[in-house]
Amino acid sequence: QVQLVESGGGLVQAGGSLRLSCAASGRTFSSYIMGWFRQAPGKAREFVVWISNSGSRTYYADSLKGRFTISRDNGKNMVYLQMNSLKPEDTAVYYCAAGRATTYNARGYDYWGQGTQVTVSS
């Protein structure tokens, strides 16, 4: 079983940047696909990006490509989400997730962190 803990959220002004971190427990981190999702109040959980177990492949939601960047460090059991040019509509709770296959569907991920709040003011 994998335990995930996100950090790095906060309040920023539009146009600003944040880097989210996700720390994973366990001894098999490098075998998992890692993804980031977000959920705004009253809305469904939304796919942001996934990264392959080696970190060599990524896939972003079309609306976010060019502003957000995912990376991972398997030696440290960490995955990151660099968010630039933030907009008020990016406001949401951001979750990291671990799964066994590359997918944009939240149902394809087996383990989830508790989430970290990102609020972007206009």
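See the structure shown above.
Read on for an overview of the structure. Since we're looking at a predicted model, the values are computed, not measured.

Description of the state of the cysteines
Item 1. On inspection of all chains with the given rule, the structure shows one disulfide.
Item 2. For Cys22, the disulfide goes to Cys96, at an S-S distance of 2.0 Å. An S-S torsion of about 55° defines the bridge between Cys22 and Cys96 as right-handed. You can see Cys22 sitting in strand S3 (residues 18-24) and its partner Cys96 sitting in strand S9 (residues 92-99), a full 74 residues away along the chain. Take Cys22 and Cys96: they sit in the same class, and that class is buried.

So, the packing of aromatic side chains
Item 1. Using the criterion set out here, one finds nine aromatic pairs in the structure.
Item 2. Seen from their ring centres, Trp50 and Tyr59 are 6.1 Å apart, and the 25° between their planes marks the pair as stacked.
Item 3. On the accessibility criterion, Tyr59 (38% relative accessible area) is partly exposed.
Item 4. Plain terms: the ring middles of Tyr95 and Trp112 are 6.5 Å apart, the flat faces sit at 80° to each other, and that makes the pair edge-to-face. Here Trp112 lies in strand S10 (residues 109-112) and Tyr95 lies in strand S9, a separation of 17 residues in the sequence.
Item 5. Among the residues examined, Tyr95 registers a relative accessible area of 13% and is labelled buried.

Observations concerning the pattern of salt bridges
Item 1. Evaluation of the coordinates by the stated rule reveals three salt bridges.
Item 2. Here Arg38 makes a salt bridge to Glu46, at a shortest N to O gap of 2.9 Å.
Item 3. Among the residues examined, Arg38 registers a relative accessible area of 7% and is labelled buried.
Item 4. What makes Glu46 partly exposed here is its relative accessible area of 33%.
Item 5. The salt bridge partner of Arg67 is Asp90, with a shortest N-O separation of 2.8 Å. With a gap of 23 residues between them, Arg67 in the loop between strand S6 (58-60) and strand S7 (68-73) and Asp90 in the loop between strand S8 (78-83) and S9 connect regions that are remote in the sequence. An identical accessibility class is assigned to Arg67 and Asp90; each is buried.
Item 6. It is possible to trace a salt-bridge network through shared partners that takes in Arg38, Glu46, Arg67 and Asp90.

Rules used throughout
- Residues numbered from 1 in each chain as written.
- Predicted model: local features only at pLDDT ≥ 70, side-chain atom pairs only at ≥ 80, totals over all residues.
- Heavy atoms only, no water.
- Disulfide = S-S within 2.5 Å.
- Helix = DSSP H or I, 4+ residues; strand = E, 2+ residues; numbered from the N terminus.
- Buried < 20%, exposed > 50% of the residue type's maximum accessible area, 1.4 Å probe, protein only.
- Phe/Tyr/Trp six-rings, centres within 6.5 Å; stacked < 30°, edge-to-face > 60°.
- Salt bridge = Lys/Arg side-chain N within 4 Å of Asp/Glu carboxyl O.

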